[in-house]
Each structure stands twice: as C-alpha cells, then as structure tokens.
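This is what each chain is made of:
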Amino acid sequence: MEEPTIAAKEPKPLELAPGTYYWCACGRSAKQPFCDGSHQGTGFAPKAFEVTERKRVYLCQCKRSANPPFCDGSHQKLQTPIERNPRSETGACLQTRARP
Ligand code: FES
C-alpha cells in the first residue's frame, strides 16, 4: 500500500463534543483531520473513534502517528530544524512557511 499523504506537519488541536468521529487516514481529505470521502479507491479507510465527554484533543495530520487518530509527535521526524518548536508540548510548529 502506498504511503498516506501528509496533510500537515503539525497536529490539529480541537475541542470535541461527545460523539463519533471519522479521522482521515489517507491524508487527502479537504476537511482535515476528518474524512470527506476522498480516500475512495486508495486502499485507505477512515478511522472511527468515540468521544464520550467534551475534551481537547490533538489529532494527527501527518498520518504517521503510531496512535491514530491522536498525535504522537511523529510529525517532528518529518520537519526541518527550522520548523520544529522545542518549547511546544505538542510539537506544534511555529513556522509553516513553504519551502523553496
Ligand atoms: S478522506 Fe482520508 S480516509 Fe477518508
């Protein structure tokens, strides 16, 4: 199977209400970090997950987390040194400028 597309090199912080959510595993969704059906024909499928009480989450957008749909810091291995923010507890980036 091909590698998933990297949607972003930082997690998406969200405050989620109780419910069922479908995390995009392929990285092609235009509604990151959630599935919009763009995985059709790719061999990827969304990952359903439940939220039982309102809480803040950090959802993976690099699609390399070993604990999907949650960020495990794997995006930091994909970043150049200038993109890393060593002071961030989530590893979120300070800079997201495009590379030449
Ligand atoms: S759009 Fe990516 S898994 Fe559905």
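Here, the structure is the one placed above.
Helix and strand content of the protein chain: zero helices and four strands. Reading the protein chain from its N terminus to its C terminus gives the helix and strand order β-β-β-β. Expressed as a percentage of the 100 residues in the protein chain, the buried residues total 23%. Intrachain contacts of the protein chain at a sequence separation of at least 6 include 47% that bridge at least 24 residues.

A few words on unusual backbone geometry. That bond from Gln32 to Pro33 is cis: its omega, 5 degrees, falls within 30 degrees of zero. Relative to the assigned elements, Pro33 resides in the loop between β2 (19–23) and β3 (47–51). Here the bond from Pro68 into Pro69 is cis, since omega is 10 degrees, no more than 30 degrees from zero. Its location among the elements puts Pro69 in the segment after β4 (55–59). Notably, Lys63 is not glycine yet its phi reads approximately 65 degrees, a positive angle. Mapped onto the elements, Lys63 comes out in the segment after β4. Under the C-beta neighbour-count criterion, Lys63 is labelled buried, with 24 such atoms within 10 Å.

On to the nonpolar core, then. Most often, soluble globular proteins have nonpolar side chains that are buried together. One finds Trp23, Cys24, Ala25, Cys26, Cys35, Phe44, Tyr58, Leu59, Cys60, Cys62 and Cys71 forming the largest nonpolar core, which totals 11 residues. For Ala25, the residues in contact, after removing those within four places along its chain, are Pro4, His39, Phe44, Ala45, Pro46, Lys47, Lys63 and Pro68.

Parameters and conventions
Residues numbered from 1 in each chain as written. Predicted model: local features only at pLDDT ≥ 70, side-chain atom pairs only at ≥ 80, totals over all residues. Helix = DSSP H or I, 4+ residues; strand = E, 2+ residues; numbered from the N terminus. Buried ≥ 20, exposed ≤ 12 C-beta atoms within 10 Å, placed from the backbone. Contact = placed C-beta atoms within 7 Å. Core = buried A, V, L, I, M, F, W, Y, C linked by C-beta atoms within 7 Å.

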